[in-house]
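Here is how the chains run, residue by residue.
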Amino acid sequence: MTRPDDDAQRLEDERWMRMAIEVAKSKGSDPSSSPLGCVIILEGKVIAAERNQTHELPDATAHAEMMAIRRGCEGSGSMELRSATLYSTLQPCGMCTMASIWSKVGRVVYGAGRDDVHPMYFEAKHVDTLRFISDAYRDDIVIEGGCLAQLCAELYYGPDDDVPEDEQGNL
């Protein structure tokens, strides 16, 4: 049985994840372009909403989560985003996971997990970012996956899709 607070949190999470999906789609819907979206919420307000910008900048670190953390910190004037919730359409990679830890984000909510999408979206060595967080420097960060997982997974190549080799990143 779910509690009313649980239902309210789920609805709030879905609201912000839908925004992250729209941010991801602002880049287009071609899964080869890795349309990731990220929104950071602090005290009920959007402090950052960014998409992957690796190719446009060009910058290998310009993942949606990295860009949102940068904008959130710039906007708040602080390196710390305590009590903020980061919403990402895809389970964060190792780099983005570490940035979440170092920026002291309080909670990370992601949509599609690594098993919902093609392996190309994750490191070839398959770093388990969820395990990494549980063993991290902090024990106060909360990670929750599967928020609108199916809608988020539709942004990307599926686990069994035959992706042309020239479109595969990270492998």
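Structure: see above.
Quick summary incoming for the structure in this document. These numbers come from a predicted model, not from an experiment.

**Describing the pattern of salt bridges**
Move 1: Per the counting criterion, the structure on display carries 8 salt bridges.
Move 2: The closest approach of N and O atoms between Arg 82 and Glu 80, which form a salt bridge, is 2.9 Å.
Move 3: Given a relative accessible area of 43%, Arg 82 falls into the partly exposed group.
Move 4: Look at Glu 80 and you get partly exposed, because its relative accessible area is 34%.
Move 5: The partner of Arg 107 in a salt bridge is Glu 144, with the nearest N and O atoms 2.9 Å apart. Placement of Arg 107 in strand S4 (residues 107–112) and of Glu 144 in strand S5 (residues 142–145) is noted, with a sequence separation of 37 residues between them.
Move 6: When its relative accessible area of 11% is taken as the criterion, Arg 107 is described as buried.
Move 7: Salt bridges linked by common partners bring Asp 13, Arg 107 and Glu 144 together as one network.

**Let's talk about the sheet that holds strand S1 (residues 37–42)**
Move 1: Ordered by their spatial adjacency, 5 strands build an open sheet running S2-S1-S3-S4-S5, and the pairing between neighbours is mixed. Unpaired on one side and paired on the other, strand S2 (45–51) and S5 mark the two borders of the sheet. Pairwise comparison of adjacent strand axes, ignoring direction, gives a mean angle of 15° for this sheet.
Move 2: Here S1 runs beside S2; their pairing, made up of 6 bridges, is antiparallel. Residue pairing across strands places Leu 42 opposite Lys 45, the latter belonging to S2.
Move 3: Sheet strands in contact with helix H2 (residues 64–76) are S1, S2 and strand S3 (85–90), and its direction is about 140° off that of S2.

How each quantity is defined
Residue numbers here run from 1 along each chain, matching the order of that chain's written sequence. Side-chain atom pairs in this predicted model are given and counted only at pLDDT of 80 or more, local residue features only at pLDDT of at least 70, and totals for whole chains, interfaces and linings cover all residues. Water and hydrogen atoms play no part in the side-chain values, which are based on all heavy atoms of the structure. Whenever a carboxyl oxygen of Asp or Glu lies within 4 Å of a side-chain nitrogen of Lys or Arg, that contact is scored as a salt bridge. Relative accessible area decides the class of each residue, using a 1.4 Å probe on protein chains only: under 20% of the type maximum gives buried, over 50% gives exposed, and in between gives partly exposed. By definition, any uninterrupted DSSP run of H or I lasting at least four residues is a helix, any uninterrupted run of E lasting at least two residues is a strand, and each is numbered from the N terminus. The rule for pairing is simple: two strands pair if DSSP sees at least two bridges between them. Axes here refer to lines fitted to C-alpha atoms; in helices the fit is confined to the stretch in contact. Angles between the N-to-C directions go from 0 to 180 degrees. Contact definition: two residues touch when any of their heavy atoms are within 4.5 Å.

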